[in-house]
Amino acid sequence: MGLKVVSLVIISFSLLLLLASTAKAQSNGVFDVTKYGGKEDITEALNNAWKDACASTNPSKVLIPSGTYSLRQVTLVGPCKAAIELQVDGILKAPVNPDQFSGGSWVDFRHVDQLTLSGSGTFDGQGNVAWSKSTCNKDKNCEGLPMNIRFDFITNGLVRDITTRDSKNFHVNVLGCKNLTFQHFTVTAPRESINTDGIHIGQSTGIYIIGSNIGTGDDCISVGDGTEELHVTGVTCGPGHGISVGSLGRYPNEKPVSGIFVKNCTISNTANGVRIKSWPDLYGGAASNMHFEDIVMNNVQNPVVVDQEYCPWNQCSLKSPSKVKISDVSFKNIKGNFRNSGCC
Ligand SMILES: *[C@@H]1O[C@H](CO)[C@@H](O)[C@H](O)[C@H]1NC(C)=O
Ligand SMILES: *[C@@H]1O[C@H](CO)[C@@H](O)[C@H](O)[C@H]1NC(C)=O
């Protein structure tokens, strides 16, 4: 009898503790990192807030309020029990030194359904030092620097308002995703920055990039193998290397690219406008059903490019033509002006 009472007391006491800690961290489904002890460095706080939010059976939000914070490398994994949002209103600073990363990314979202990434905040990759040491402008097999944000196997996701700047490598990499929208998204890095593609997409279906502003040192948007149903609308691009499909055919067993729709975009002060590129003499592949329409070019060096002998840094042989089959391509209502020297 006495024993039962004691264990009941213990059970209710631990229940109380549990309730107290959850109540501390969240209110109305909002998990605020600053309530998880996040101050200057929010790495641990973000990991813990994400874990709690992800376990919530109701839709939840992890909040990073305005302010400036350091954030080390994080992987935010699902699957989660319900829809989850990360609202970033603060400025997040990555470690400057690339040696502080293992693997290819700073912030990695993986295996999440119904993910929203929102807020007026910025992911600042602080890439200056890394670019100055980079050999990527001469050597395509250069050391892999971390990308600002990776989306791996995300389904039914939405990224809106967020800014990503000065990534050490690509700003955003989309892999294995289905139905992911970028809306009013901003990418910014200097013209001279190396390999800082805005959004790279591969092995994904149903990607929408809408009303966004991308200026970098490399491609604004680059499309890798296995991309299907990509819709790019109302995007301004520049500086940078334009919007590119490819390069394709460099590696064996690449999956086809199909259904690429680029519409109502403005491309300014870039090396290329819209481009399809494949390597000569290597592997097969296919790219079809690609349409570029209503595009304004300002001061673009090569407004429309289909290059089937893409061979940067002479890393290939031109002995035989590309084995990548390109078909059903249209360029419609593309206007503006080009320049044939300087820049980029
Ligand atoms: C795509 O994802 C969005 C955002 O989660 C969702 O509202 C929409 O219903 C999804 N579309 C389809 C066809 O599943
Ligand atoms: C075209 O893109 C611009 C942004 O560059 C946007 O303001 C406008 O609403 C878009 N128009 C249509 C018809 O999508």
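All values derive from a computational prediction rather than experimental measurement. Residue numbering note: each chain is counted from 1, following its sequence as written. In the order they appear in the text, chains get letters beginning with A and ligands get numbers beginning with 1. Local features in a predicted model are, by the rule used here, given only for residues with pLDDT of at least 70; side-chain atom pairs are given and counted only at 80 or more, and totals for whole chains, interfaces and linings are based on all residues. Values reported for side chains reflect all heavy atoms of the structure, with hydrogen atoms and water molecules removed beforehand.

## Digging into the sheet that holds strand β11 (residues 147–152)
Logical step 1: We treat two strands as partners when DSSP finds at least two bridges between them. Secondary structure follows DSSP: runs of H or I at least 4 residues long count as helices, runs of E at least 2 residues long count as strands, and numbering of each begins at the N terminus. In spatial order, the strands read β5-β8-β11-β14-β17-β20-β23-β25-β27; together these nine strands make up an open sheet with parallel pairing. Only two strands of the sheet have a single neighbouring strand rather than two, namely β5 (74–77) and β27 (302–307). For this sheet the average axis-to-axis angle between neighbouring strands, irrespective of direction, equals 15°.
Logical step 2: Sheet topology places strand β17 (residues 199–202) next to strand β20 (residues 221–223); three bridges connect them, and they run parallel. Helix axes use the C-alpha atoms of the stretch in contact, all axes being lines fitted to C-alpha atoms, and the angles between their N-to-C directions lie in the range 0 to 180 degrees.

## Description of the pairing of strand β15 (residues 178–183)
Logical step 1: The pairing of strand β12 (residues 155–160) with β15 spans five bridges and is classified as parallel. Looking at β15, one finds that Arg160 is bridged to Gln183.
Logical step 2: Judged from the five bridges that link them, β15 and strand β18 (residues 205–210) form a sheet pairing that is parallel. Residue pairing in the sheet places Thr181 in a bridge with Tyr208 of β18.

## Some details on helix α2 (residues 43–55)
Logical step 1: What a helix should span is 1.5 Å times the count of its residues minus one. Its 13 residues give α2 an end-to-end C-alpha distance of 19 Å, which sits within 8% of 18 Å, the value for a rise of 1.5 Å per residue.
Logical step 2: For α2, every residue scored as buried is listed here: Thr43, Ala45, Leu46, Asn47, Ala49, Trp50, Ala53 and Cys54. Burial here depends on accessible area, computed with a 1.4 Å probe over protein chains only, as a share of the maximum for the residue type. Under 20% is buried, over 50% is exposed, and the range in between is partly exposed.

## Looking at the nonpolar core
Logical step 1: The biggest cluster of nonpolar side chains holds 71 residues, and the ones touching the most others in it are Trp50, Phe109, Phe151, Val174, Phe182 and Ile209.
Logical step 2: Residues are treated as being in contact if the distance between any of their heavy atoms lies within 4.5 Å. Sequence-distant contacts of Ile209, defined by excluding residues within four places in its chain, comprise Phe182, Ile199, Ile201, Ile221, Leu230, His231, Val232, Thr233 and Val235. Think of a nonpolar core as a cluster: buried Ala, Val, Leu, Ile, Met, Phe, Trp, Tyr and Cys residues, connected wherever their side-chain atoms sit within 4.5 Å.

## Examining a nonpolar patch on the surface
Logical step 1: The patch calculation keeps residues exceeding 30% relative accessible area without a salt bridge and links them within 9 Å when they carry like charges or within 5 Å when they are nonpolar (Val, Leu, Ile, Met, Phe, Trp, Tyr). What sets the accessible areas is the Shrake-Rupley method with a 1.4 Å probe; for residues, cover comes only from the shown protein chains. Salt bridges are identified by distance alone: a Lys or Arg side-chain nitrogen within 4 Å of an Asp or Glu carboxyl oxygen. Taken together, the side chains of Val304, Val306 and Phe331 define a hydrophobic patch exposed on the protein surface, amounting to about 220 Å² of accessible area.
Logical step 2: Looking at the secondary structure, you find Phe331 in strand β28 (residues 323–338).

## Some words on the side chain of Glu85
Logical step 1: Inspection of the secondary structure assignment puts Glu85 in strand β6 (residues 84–88).
Logical step 2: Any N or O atom pair separated by 3.5 Å or less is treated as a polar contact, with the protein-specific requirement of one donor-capable and one acceptor-capable atom, and with residues adjacent in sequence counted only for side-chain atom pairs. Among the polar contacts made by the side chain of Glu85, one reaches the side chain of Ser118 at a distance of 2.6 Å.
Logical step 3: The contacts of Glu85, once residues within four sequence positions are left out, are Ser60, Lys61, Val62, Thr116, Ser118 and Arg160.

## Quick look at the UniProt feature "active site" (unreviewed entry) in the chain
Logical step 1: UniProt positions are given in the numbering used here, feature names are shortened, and annotations may be inferred rather than shown by experiment. The UniProt record annotates "active site" (unreviewed entry) at His241.
Logical step 2: Take His241: it is sitting in the loop between β22 (236–237) and β23 (243–248).
Logical step 3: For His241, a relative accessible area of 22% corresponds to the partly exposed category.
Logical step 4: Here Gly217 takes part through its backbone oxygen, which lies 3.2 Å from a polar atom of the side chain of His241.

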